[in-house]
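Structural characterization, general
So the chains spell out like this:
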Amino acid sequence: MATTAVLVVALTAACGGAPPAGSVTITGPVVGEVPRGADAAVYFEVESGGSDAIVGAVAPGAAGVSLHELRPVDGGGIMLPSDRITVDRGITRLSPMGSHIMLSDVREPLVAGDRIALTIEFDRHTPIEIDVTVVPLHELAELIEREP
Ligand SMILES: [Cu+2]
(Lines give C-alpha, C1' and ligand atoms only; values in the text may rest on other atoms or scores of the structure.)
Protein backbone atom coordinates (compact mmCIF):
# COMPACT_ATOMS: atom_id res chain seq x y z
CA MET A 1 0.00 0.00 0.00
CA ALA A 2 2.83 2.39 0.78
CA THR A 3 4.17 1.93 -2.74
CA THR A 4 0.79 2.82 -4.25
CA ALA A 5 0.51 5.99 -2.18
CA VAL A 6 3.95 7.18 -3.26
CA LEU A 7 3.09 6.48 -6.90
CA VAL A 8 -0.15 8.48 -6.69
CA VAL A 9 1.67 11.44 -5.17
CA ALA A 10 4.33 11.27 -7.88
CA LEU A 11 1.73 11.18 -10.68
CA THR A 12 -0.21 14.07 -9.18
CA ALA A 13 2.93 16.14 -8.78
CA ALA A 14 3.80 15.55 -12.43
CA CYS A 15 0.59 17.16 -13.63
CA GLY A 16 1.05 20.74 -12.40
CA GLY A 17 -1.74 23.07 -13.45
CA ALA A 18 -4.22 20.32 -14.27
CA PRO A 19 -7.46 20.06 -12.32
CA PRO A 20 -7.19 17.74 -9.29
CA ALA A 21 -7.75 14.07 -10.01
CA GLY A 22 -11.42 13.22 -9.63
CA SER A 23 -12.67 16.80 -9.96
CA VAL A 24 -15.30 17.51 -12.60
CA THR A 25 -16.61 20.99 -13.48
CA ILE A 26 -19.31 21.92 -15.98
CA THR A 27 -19.29 25.40 -17.52
CA GLY A 28 -21.44 27.37 -19.97
CA PRO A 29 -24.46 25.08 -20.33
CA VAL A 30 -26.82 26.35 -23.08
CA VAL A 31 -29.89 25.14 -24.94
CA GLY A 32 -31.69 26.75 -27.88
CA GLU A 33 -35.19 28.23 -27.82
CA VAL A 34 -37.88 25.73 -28.83
CA PRO A 35 -41.69 25.53 -28.58
CA ARG A 36 -43.41 23.23 -26.11
CA GLY A 37 -43.24 19.57 -27.17
CA ALA A 38 -40.09 20.02 -29.26
CA ASP A 39 -36.67 18.45 -28.82
CA ALA A 40 -33.65 20.54 -27.83
CA ALA A 41 -29.93 19.85 -27.58
CA VAL A 42 -27.90 20.94 -24.53
CA TYR A 43 -24.24 21.93 -24.91
CA PHE A 44 -21.53 22.70 -22.34
CA GLU A 45 -17.89 22.20 -21.45
CA VAL A 46 -16.66 19.61 -18.97
CA GLU A 47 -13.31 20.01 -17.26
CA SER A 48 -12.18 16.80 -15.64
CA GLY A 49 -9.18 15.82 -13.57
CA GLY A 50 -9.32 12.28 -14.91
CA SER A 51 -10.99 9.91 -17.32
CA ASP A 52 -14.73 9.65 -16.78
CA ALA A 53 -17.90 9.49 -18.84
CA ILE A 54 -21.36 11.00 -18.87
CA VAL A 55 -23.70 8.02 -18.59
CA GLY A 56 -27.08 9.71 -18.15
CA ALA A 57 -29.03 12.88 -17.45
CA VAL A 58 -32.25 13.86 -15.71
CA ALA A 59 -34.38 16.85 -16.75
CA PRO A 60 -37.68 17.47 -14.94
CA GLY A 61 -38.66 19.89 -17.72
CA ALA A 62 -38.67 17.27 -20.48
CA ALA A 63 -40.51 13.99 -21.04
CA GLY A 64 -37.24 12.33 -22.04
CA VAL A 65 -33.48 12.84 -21.99
CA SER A 66 -30.87 10.97 -23.96
CA LEU A 67 -27.20 11.16 -24.86
CA HIS A 68 -26.47 11.81 -28.52
CA GLU A 69 -23.37 11.70 -30.60
CA LEU A 70 -22.92 13.16 -34.05
CA ARG A 71 -21.64 10.74 -36.68
CA PRO A 72 -20.14 12.45 -39.70
CA VAL A 73 -21.68 11.50 -43.03
CA ASP A 74 -21.27 12.99 -46.51
CA GLY A 75 -22.38 16.59 -46.40
CA GLY A 76 -23.08 16.77 -42.65
CA GLY A 77 -23.82 14.49 -39.75
CA ILE A 78 -26.50 12.34 -38.19
CA MET A 79 -27.42 12.19 -34.50
CA LEU A 80 -27.34 8.77 -32.89
CA PRO A 81 -28.26 7.75 -29.34
CA SER A 82 -25.25 6.82 -27.25
CA ASP A 83 -24.77 4.95 -23.94
CA ARG A 84 -22.04 7.30 -22.78
CA ILE A 85 -20.10 10.42 -23.67
CA THR A 86 -16.44 9.94 -22.90
CA VAL A 87 -14.86 12.68 -20.78
CA ASP A 88 -11.08 12.70 -21.00
CA ARG A 89 -8.75 14.43 -18.59
CA GLY A 90 -8.81 18.12 -19.51
CA ILE A 91 -11.64 19.82 -21.37
CA THR A 92 -14.35 18.04 -23.34
CA ARG A 93 -16.79 20.14 -25.35
CA LEU A 94 -20.37 19.10 -25.96
CA SER A 95 -21.13 21.15 -29.04
CA PRO A 96 -23.34 21.33 -32.12
CA MET A 97 -20.65 19.50 -34.07
CA GLY A 98 -20.25 16.68 -31.54
CA SER A 99 -21.89 14.96 -28.61
CA HIS A 100 -24.73 16.58 -26.70
CA ILE A 101 -27.56 15.95 -24.27
CA MET A 102 -30.93 15.72 -26.05
CA LEU A 103 -34.10 16.82 -24.31
CA SER A 104 -37.23 15.41 -25.91
CA ASP A 105 -40.78 16.72 -25.66
CA VAL A 106 -40.07 19.72 -23.44
CA ARG A 107 -42.99 20.40 -21.11
CA GLU A 108 -42.93 24.21 -21.48
CA PRO A 109 -41.63 26.49 -24.23
CA LEU A 110 -37.91 27.23 -23.77
CA VAL A 111 -37.66 31.02 -23.92
CA ALA A 112 -34.34 32.90 -24.18
CA GLY A 113 -33.14 34.01 -20.76
CA ASP A 114 -34.93 31.20 -18.91
CA ARG A 115 -32.99 28.52 -17.08
CA ILE A 116 -33.86 24.84 -16.85
CA ALA A 117 -32.58 22.30 -14.35
CA LEU A 118 -30.51 19.36 -15.55
CA THR A 119 -28.64 16.71 -13.58
CA ILE A 120 -25.67 15.07 -15.29
CA GLU A 121 -24.75 11.55 -14.20
CA PHE A 122 -21.20 10.26 -14.49
CA ASP A 123 -19.60 6.85 -14.53
CA ARG A 124 -17.30 7.78 -11.64
CA HIS A 125 -18.06 11.30 -10.37
CA THR A 126 -21.16 12.02 -8.29
CA PRO A 127 -24.06 13.58 -10.25
CA ILE A 128 -23.78 17.32 -10.97
CA GLU A 129 -26.83 19.60 -11.02
CA ILE A 130 -26.66 22.49 -13.47
CA ASP A 131 -28.91 25.34 -14.62
CA VAL A 132 -28.99 25.43 -18.42
CA THR A 133 -29.47 28.89 -19.94
CA VAL A 134 -31.90 29.13 -22.85
CA VAL A 135 -30.35 31.15 -25.70
CA PRO A 136 -31.67 32.42 -29.05
CA LEU A 137 -30.97 30.07 -31.94
CA HIS A 138 -28.63 32.57 -33.62
CA GLU A 139 -26.33 32.25 -30.59
CA LEU A 140 -26.19 28.49 -31.15
CA ALA A 141 -25.38 29.18 -34.79
CA GLU A 142 -22.44 31.29 -33.61
CA LEU A 143 -21.26 28.33 -31.53
CA ILE A 144 -21.25 26.22 -34.70
CA GLU A 145 -19.31 28.86 -36.62
CA ARG A 146 -16.66 28.98 -33.87
CA GLU A 147 -15.96 25.25 -34.28
CA PRO A 148 -12.52 24.50 -35.72
CU1 LIG B 1 -29.39 15.11 -30.66
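The notes below deal with the structure included here. Because the structure is predicted, anything quoted here is derived from the model rather than measured. (Residues numbered from 1 in each chain as written. Predicted model: local features only at pLDDT ≥ 70, side-chain atom pairs only at ≥ 80, totals over all residues.)

For soluble globular proteins, nonpolar side chains are generally found buried alongside one another. In this structure, Val31, Val42, Leu103 and Leu118 are the most contacted members of the largest nonpolar core, which totals 24 residues. Those elements that provide at least two residues to this core are strand E2 (40–48), strand E3 (52–58), strand E4 (62–73), strand E6 (85–87), strand E8 (100–106) and strand E9 (115–122). In terms of residues, this core owes the most to one element, E2, which gives six residues. (Core = buried A, V, L, I, M, F, W, Y, C linked by C-beta atoms within 7 Å. Buried ≥ 20, exposed ≤ 12 C-beta atoms within 10 Å, placed from the backbone. Helix = DSSP H or I, 4+ residues; strand = E, 2+ residues; numbered from the N terminus.)

Further remarks concern the environment of Ser66. Residue position: Ser66 is located in strand E4. A residue is classified by how many C-beta atoms lie within 10 Å of it, and Ser66, with 17 of them, is partly exposed. In this structure, Ser66 is in contact with Pro81, Met102 and Ser104, ignoring residues within four places of it in sequence. (Contact = placed C-beta atoms within 7 Å.)

This next bit is on the pairing of strand E5 (residues 76–82). The element E5 is barely covered by neighbouring structure, given that only zero of its seven residues are classed as buried. As paired strands, E4 and E5 are joined by seven bridges and run antiparallel to one another. The partner of Leu70 across the bridge, within E5, is Met79. Here E4 hands over to E5 after two residues, with Gly75 in that stretch at a positive phi of 80°. (Pairing = 2+ DSSP bridges.)

Most peptide bonds take the trans configuration, and most residues that are not glycine carry a negative phi. Phi is positive for Asp105, which is not a glycine, with a value near 55°. On the basis of neighbour counts, which here come to 12 C-beta atoms within 10 Å, the residue Asp105 falls in the exposed class.

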